Amino acid sequence: MKKSKHSYVEKCLKMPHAEKLGYLTIKDEKIYVAINENGDCYFNREQQDFVEENINNINLNNFVEIPRAVVVESDLYIGDTKLQCSVLSDGRRVIKDTSLFAALDRKRKGETRIEGFPPIIGSKSLAALLMDMYPEHLSTITPFEVAQFNGKTGKWYDANTIPIICDMYMEAEKRGLITVSQQHVLDKAKILLRSLARVGITALIDEATNYQSMRGKDELQILLEEFISEELRQYSKEFRSEYFEQIFRIYGRPYDPTTNRRPKFFAWFTRTYVYDMLPPNVFEKLDEMNPLIYNGDTGRADRKYRLFQHLSDEGIQYLRSHLEGLISVMKLSTDKDDFKDKFKMVYADKINRIEKMKQDNHQLSIEDVQEIEFDEVFD
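These numbers come from a predicted model, not from an experiment. (Residues numbered from 1 in each chain as written. Predicted model: local features only at pLDDT ≥ 70, side-chain atom pairs only at ≥ 80, totals over all residues. Heavy atoms only, no water.)

Chemist: Pulling in residues and values, what's your account of the packing of aromatic side chains?
Modeler: Considering all chains together, one arrives at 21 aromatic pairs under this definition. Taking the centre distance of 6.2 Å and the plane angle of 80 degrees together, the rings of Tyr251 and Phe269 count as edge-to-face. Placement of the pair is Tyr251 in the loop between helix H8 (241-250) and helix H9 (265-273) and Phe269 in helix H9, with a sequence separation of 18 residues. Across this residue pair, the class does not change: Tyr251 and Phe269 are buried. (Phe/Tyr/Trp six-rings, centres within 6.5 Å; stacked < 30°, edge-to-face > 60°. Helix = DSSP H or I, 4+ residues; strand = E, 2+ residues; numbered from the N terminus. Buried < 20%, exposed > 50% of the residue type's maximum accessible area, 1.4 Å probe, protein only.)

In structure tokens, the structure reads:
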């Protein structure tokens, strides 16, 4: 430590230009430190006496780096539930540990802890289910220390923990593993899954924290031109093979991955469960720009381009997020009837919101006509 300069500040973890943030452990006590590119170290003023007493024992080789939040911790509302969220320097979206328990209507104190598993896994049956369904995600759902934007530290969960836990509770219900004491948690999980399927946890957090300023704060105000691009984008494979494989499965048909030939009803399925879930008039505009053209040789009508090739960057992101949620719902469904029921449950809020937007647009159209007629009377 003798070769590096060191200074003291109120909150070293809040220093925006530090190259690294983390801590050193001396005599079982954590000493938080920010390290600049030139090696200069900044400690918390409240730890100054302890640092000075042990300055010769401080070895940066024992430095433990911790991830830092790059946006102000913000409140994210899912229904009536408030969660605290943030975004880390490595791009991870995170949820405060206390918020995650609140989101699932669980209390931290007095709950059962399963050795070898994170606190969010509160029963042996869930622990076994995790190892059966998501053994590779044990680290994903384990809380970790974060240098918060406010200069303090706290325990946070990767935001992907939420859909993983929700999926587990849904599967636990299917297997008859839900106890009476877990029923309220299952109810919360269903609400969360329904909300997350609308735009995905990443988009929700980005909106709450304003991490991407181009994202609107109110989805109801999304304009048609934000989704439609007059310029045709290069073709990309937005509908993964997994999407078609799941449709074949829930309809009880054999899937052949070696061919792109699909039954005709696949077009109806995609229109109903994908494009009709975009804001009103988006599909109509896409259909206008890229209409079906009858081919006498094949005896069928096809489009010259893929519909999504006329979507804007914002529209493509929305489409990808929706497909991610939709595929998850299909995976959880046993057959087409089960899928329809789960789709209605998960996307109930989104369907209602789209219908309200359509009604609002229709009402505006009626008022426009009435206004024109009114003006004509007094011409």
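Chemist: I'd like a description of the pairing of strand E9 (residues 144-147), backed by residues and values.
Modeler: In E9, alternate side chains face the same way, and those of Phe144 and Val146 on one face and Glu145 and Ala147 on the other are all buried. Counted between consecutive antiparallel strands, the loop separating E9 from strand E10 (residues 153-158) contains five residues, among which Gly151 sits at a positive phi close to 90 degrees. (Pairing = 2+ DSSP bridges.)

Chemist: Tell me about a positive patch on the surface, residues and numbers included.
Modeler: Together, Arg253, Lys336, Lys340 and Lys344 make up a region of like positive charge exposed at the surface. Inspection of the secondary structure assignment puts Arg253 in the loop between H8 and H9. (Patch = residues over 30% accessible without salt bridge, like charges linked within 9 Å, V, L, I, M, F, W, Y side chains within 5 Å. Areas by Shrake-Rupley, 256 points an atom, 1.4 Å probe, with all protein chains shown as cover. Salt bridge = Lys/Arg side-chain N within 4 Å of Asp/Glu carboxyl O. Lys, Arg positive; Asp, Glu negative; His and termini not counted. Charge placed at Lys NZ, Arg CZ, Asp CG, Glu CD.)

Chemist: Before we move on, can you summarise unusual backbone geometry with the specific residues and values?
Modeler: Phi at Lys27 is positive, roughly 55 degrees, even though this residue is not glycine. If you trace the backbone, Lys27 turns up in the loop between strand E2 (20-26) and strand E3 (29-35). Relative accessible area serves as the criterion here: at 65%, Lys27 is assigned to the exposed category. Of note, Asp28 is a non-glycine position whose phi angle comes to about 65 degrees, a positive value. For Asp28, the position within the fold is in the loop between E2 and E3. Residue class for Asp28 comes out exposed when judged on its relative accessible area of 80%.

Chemist: Give me the sheet that holds E9: which residues, what numbers.
Modeler: Here five strands make up an open sheet; going across it, the order is E6-E7-E8-E10-E9 and the pairing antiparallel. Either end of the sheet is taken by a strand with one partner, and the two such strands are strand E6 (74-78) and E9. Each adjacent strand pair in this sheet contributes to an overall mean axis angle of 50 degrees, direction not counted. Pairing of E6 with strand E7 (residues 81-87) involves five bridges; the strand directions are antiparallel. Residue pairing for E7: Tyr77 is matched across the bridge by Lys82. (Axes fitted to C-alpha atoms, helices over the stretch in contact; angles between N-to-C directions.)

That is the geometry; function is a separate question.
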